[in-house]
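Spelled out, the chains give:
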Amino acid sequence: MRDLVLVALAVRIGIALVTCTFFQPDEYYQSLEVAHHLVFGYGQLTWEWLAPKPIRSIIYPALNVPVYWLLKVLKLDGTAALIYGPKVLHGAIAALTDISVARLTRRILGERYVDAAVFLSLTSFFHGLSLSRSISNSAETSLTTVALSYFPWDVNEAHWSTNLQKSLLFAALACAIRPTNAVLWVYVMGWLMWTLRKRAGDAIGVIIIASSIGAFVLPAVVGLDSLYYRKLTLTPINFLITNASSVSLFYGRSPWHYYLSQAMGVLVLPAIPWILHGAYLALLPSSPAPLRTLLGLIVWTLSVYSLAGHKEWRFIHPLLPLMHVLASKSLTEGQYTGSYSFARSPITHRICFAVTVPFIAYVALFHGRAQISVMHHLRLLSPEDSASIGFLMPCHSTPWQAYLHRSDLADDGLLWALGCEPPLQGQDVTGYKDQTDVFYESPLRYLKTRFPDRVDASFPPSPLPRSQPGSDTNGTQPWRHEWPQNVVFFGALLEQPGVQELLLRQGYGEVWRAEHGWEEDSRRKGGVRVWRYQAYS
């Protein structure tokens, strides 16, 4: 067990430290940026935090607060530790998944299957892509795996009620971070109560344990959130209400079969043959009953999540460790005797899992790297060369002050990006256009109508470069900009009619560029460019 802890920590923290690519905006704007704003007093808060009824709990971003606070006290916040400190933290949290999947497999299947489950976890492509990042779904995955590893799968074992207390405490934390995690626990607790249906005293004990933990965690969540927002705030309720509305569809609508037809392929590749075979084995009468329960939990969660209109790969990330348990049965029993051994596995196993390493390296080191590199470049610019910076990109395409850490650019008018506020006033989602949509309809028209005719070389703040998150604009589009000293954009923008000519005419020229990897979004092609006003220089 000690060796596993060290290996898991080394792998996950190592991946976190070398990762220098962009995956999801939430990695920054629902985590690091919020904590940076709380500790240092500046940064960009999105609508989820500024709406009249905020939907995000401060609990997950608060994990980063001690790191930032310590760096601030030690006066190390101006060093690379500002970026790498949180990476170590989230890498350590990620390691809990690998450690706990071993315990979960041991309790459901037995010691013989543990090595296979751990191997699957450590070589998982999606874990390599997402688990060590500062995304709430990743922490949810770790906490869920820990909780299920303590869950009393055998209610006849000693101390099962003590294990239940540990399990539900971690489950409550997972639900505090991601309220939708409760879907898993409806099924698991329902199964437990059914198992104890003839043991009334134990069933009542389960209710008391669950109620006690809920009575402790829920007021703590409400208290911390109310303290942060300075008013009574019920973020779990606000989260569920908002996501049940049309607002969630603003971020995309997917067909009911999305998780089966698209997400699963990315999530479990290349282990899907062994997961399917493991699911088949779980249905056989000879398989342990908890394994069938685990399969039922996966099916139940996928079914419920499929009812939602907005779907993303990462939403079902907490199910991946459970699928690794299923696959471990297939991999191990395919060798007939003994524990799983990669060295003794068929060549097809070794080929399939060996290909994940290059893919993990690509998404960690190359895909979306320019969007991170540009922030390092801007952070190191002198104040004379960075009096103001504007980002003409799809919203939230880069990190923000959690990477820049430039208090001289704390004014939203000096450091700005296009916004993408959702229709919070009940507008029709199908016809609604955010600032990014309006810009990309005609970039040239936007630049001509919302920017001055000439550059003011004193680079004053833009009066309203983006809508205030959560504000009611009454259907208007009041954005007004001043020309910044530096303009940051994707190279594809220069291919838009008249844009390059306008920038050159205004006195801008390219001073930095980077391009890494393939990009599927046409607006994000061409790498990242920085153009600076340099007329008559």
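We now turn to the structure provided with this report. From a predicted model like this one, the values you see are computed outputs, not experimental measurements.

**A few points about the overall build of the protein chain**
Helix and strand counts for the protein chain come out as 24 helices and five strands. Here the protein chain has a C-alpha radius of gyration of 25 Å; the compact-globule value for 537 residues is 24 Å, and the two agree. Considering only C-alpha atoms, the protein chain reaches an extent of 80 × 55 × 50 Å along its principal axes. Out of the 537 residues belonging to the protein chain, those deemed buried represent 57%. Counted over contacts in the protein chain with a minimum sequence separation of 6, partners at least 24 positions apart contribute 77%. Total accessible area on the protein chain is roughly 22,800 Å²; 63% of this is exposed by carbon and sulfur atoms. Charged side chains in the protein chain number 43 positive and 37 negative. The centres of these two groups are separated by 6 Å.

**Quick look at the packing of aromatic side chains**
Taken as a whole and judged by the stated rule, the model has 27 aromatic pairs. Ring centres of Tyr-258 and Tyr-259 lie 5.6 Å apart, and the angle between their planes is 70°; this geometry places the pair in the edge-to-face category. Grouping residues by exposure puts Tyr-258 and Tyr-259 together as buried. Relative to Tyr-533, the ring of Phe-459 lies with its centre 5.8 Å away and its plane at 75°, an arrangement referred to as edge-to-face. A residue pair is termed long-range when its members are at least 10 positions apart, and Phe-459 in the loop between α23 (443-450) and β3 (486-490) and Tyr-533 in strand β5 (residues 528-533) qualify at 74 residues. Tyr-533 shares its class with Phe-459; the two are buried. Taken together through their ring pairs, the aromatic side chains of Trp-416, Phe-439, Tyr-440, Tyr-446, Phe-451, Phe-459, Trp-483, Tyr-508 and Tyr-533 make up a single cluster.

**Some words on the sheet that holds β3**
Here we have five strands laid out as an open sheet, ordered β2-β1-β3-β5-β4, and mixed in their pairing. Looking along the sheet, the strands with just one partner apiece sit at the ends: β2 (415-417) and β4 (508-514). Sheet twist, expressed as the mean angle between neighbouring strand axes with direction ignored, is 20°. Pairing geometry for strand β1 (residues 389-392) and β3, over four bridges, is parallel. Paired with Gly-390 across the strands is Val-487, a residue of β3. In the packing of helix α20 (residues 370-379) onto the sheet, the strands contacted are β1, β3, β4 and β5, and the crossing angle to β5 comes to about 30°.

**Considerations on helix α1 (residues 2-18)**
Each turn of an α-helix holds 3.6 residues, which means side chains three or four residues apart point in the same direction. Taking 1.5 Å per residue as the helical rise, α1 with its 17 residues ought to reach 24 Å, and the 24 Å between its terminal C-alpha atoms agrees with that figure. Looking only at α1, the buried set comprises Leu-4, Ala-8, Arg-12, Ile-13, Ile-15 and Ala-16. Along α1, the residues classed as buried sweep out an arc of 155° about the axis, all on the same side. Among the exposed residues of α1, those oriented more than 90 degrees off its buried face are Arg-2, Asp-3, Leu-6 and Ala-10. On its buried face, α1 sits against α6 (81-108), α7 (114-122) and α8 (125-131).

**Thoughts on the pairing of β5**
The buried fraction of β5 is high, at six of six residues. With burial as the criterion, each face of β5 is covered, one bearing Val-528, Val-530 and Arg-532 and the other bearing Arg-529, Trp-531 and Tyr-533. Examined bridge by bridge, β3 and β5 share five bridges and lie antiparallel to one another. Bridged to Val-488 within β5 is Val-530.

**Section: empty space enclosed by the protein**
As enumerated under the stated definition, the model contains six cavities of 30 Å³ or more in all. In this structure, the largest cavity encloses a volume near 140 Å³. For the lining of the largest cavity, the secondary-structure elements that each account for two or more residues are α4 (59-62), α10 (160-177) and α13 (235-244). When residues of the lining of the largest cavity are assigned to their parent elements, the largest contribution, three residues, is made by α13. Partitioned by chemical class, the residues of the lining of the largest cavity number nine nonpolar, four polar and two charged. Here the second largest cavity defines a volume of roughly 110 Å³.

Calculation notes
- Residues numbered from 1 in each chain as written.
- Predicted model: local features only at pLDDT ≥ 70, side-chain atom pairs only at ≥ 80, totals over all residues.
- Heavy atoms only, no water.
- Helix = DSSP H or I, 4+ residues; strand = E, 2+ residues; numbered from the N terminus.
- Rg over C-alpha atoms; globule rule 2.2 N^0.38 Å.
- Buried < 20%, exposed > 50% of the residue type's maximum accessible area, 1.4 Å probe, protein only.
- Contact = heavy atoms within 4.5 Å.
- Areas by Shrake-Rupley, 256 points an atom, 1.4 Å probe, with all protein chains shown as cover.
- Lys, Arg positive; Asp, Glu negative; His and termini not counted.
- Charge placed at Lys NZ, Arg CZ, Asp CG, Glu CD.
- Phe/Tyr/Trp six-rings, centres within 6.5 Å; stacked < 30°, edge-to-face > 60°.
- Pairing = 2+ DSSP bridges.
- Axes fitted to C-alpha atoms, helices over the stretch in contact; angles between N-to-C directions.
- Expected span 1.5 Å × (residues − 1).
- Arc of directions from axis to C-beta.
- 1 Å grid on protein atoms, 1.4 Å probe; cavity = no way out; pocket = protein on both sides within 12 Å on 5 of 7 lines; lining within 4 Å.
- Points joined across faces, edges and corners; volume = space filled by probe spheres on them.
- Nonpolar A, V, L, I, M, F, W, Y, C, P; charged D, E, K, R; others polar.

Everything listed here is a matter of geometry and, on its own, says nothing about what the molecule does.
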